[in-house]
Amino acid sequence: MAKVKAQKDRLSKEEWLEHSLHTLASQGFTALKADKLAKSLGVSRGSFYWHFKDLKDFHTQVLESLKALMVDATIAALEGADLSPEAKLEQLITLAVSGDPSLSLAARAWGFNVPDVQPYVEEVDKVCLAYVVSLLEAMGFEKEVAKVKGRIIYAGYVGHTMLAVPITKKQERLLIDDLLKVAK
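Attention in this report is confined to the structure presented alongside it. (Residues numbered from 1 in each chain as written. Predicted model: local features only at pLDDT ≥ 70, side-chain atom pairs only at ≥ 80, totals over all residues. Heavy atoms only, no water.)

1. A closer look at helix α9 (residues 143-162)
Reasoning step 1: End to end, α9 covers 28 Å across 20 residues, agreeing with the expected 28 Å (1.5 Å per residue, within 8%).
Reasoning step 2: For α9, the set of buried residues is Ala146, Lys149, Gly150, Ile153, Tyr154, Tyr157, Val158, His160 and Thr161.
Reasoning step 3: Buried residues along α9 sit against α6 (85-98), α7 (102-113), α8 (118-138) and α10 (169-181). (Helix = DSSP H or I, 4+ residues; strand = E, 2+ residues; numbered from the N terminus. Expected span 1.5 Å × (residues − 1). Buried < 20%, exposed > 50% of the residue type's maximum accessible area, 1.4 Å probe, protein only. Contact = heavy atoms within 4.5 Å.)

Here it is, written out as structure tokens:
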């Protein structure tokens, strides 16, 4: 038993961050505390402080991991695919609308409640919006038109995630189709 505990005490930074993202999505930002997370992982607080100098450093790294997971990896995957801008936009909208919004909602709530976090939320919104606009420009829309259409599409996604009313798969498909119509 002691050997298992010793192995658990050596969690990697990535394991801490992965667990923290899961905790953020399921319990909200108020659960992102060293003691609470260490207890849920079955390790000491020392494990936490081995990887993070303090809670602020930890929160910064959680936010960076969140952006890397939700934004950077998605954009990289779409850009790495041999798809037309239209197909990339359709895939992006489909992923966004049909995905689990809990992590996005939790991050947005964190930003609304903690002033130091708001700039990260704004940065994610800027990057996402800029990517949608770039796809629309690649589809042939002039810059100003692409900005307006991109804003409508992104606002539709954000609004969809903020609604507490679930939708059926058929309604989800209709929402995706309507958001894609904005790009026509």
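Once the structure has been displayed, the description carries forward.
2. Here's the deal with the packing of aromatic side chains
The description of an aromatic ring pair rests on the distance of the ring centres and on the angle between the ring planes.
Reasoning step 1: Counted under the stated rule, the structure contains 7 aromatic pairs.
Reasoning step 2: Seen from their ring centres, Trp16 and Phe48 are 5.4 Å apart, and the 75° between their planes marks the pair as edge-to-face. Here Trp16 is found in helix α2 (residues 13-27), whereas its partner Phe48 is found in helix α4 (residues 45-51), with 32 residues between them in sequence.
Reasoning step 3: Between the aromatic rings of Phe29 and Trp110, the centroid separation amounts to 6.4 Å while the plane-to-plane angle is 10°, which identifies the pairing as stacked. With a gap of 81 residues between them, Phe29 in the loop between α2 and α3 (34-41) and Trp110 in helix α7 connect regions that are remote in the sequence.
Reasoning step 4: An aromatic cluster is present here, built from Trp16, Phe48, Tyr49, Phe52 and Phe58 joined pairwise through their rings. (Phe/Tyr/Trp six-rings, centres within 6.5 Å; stacked < 30°, edge-to-face > 60°.)

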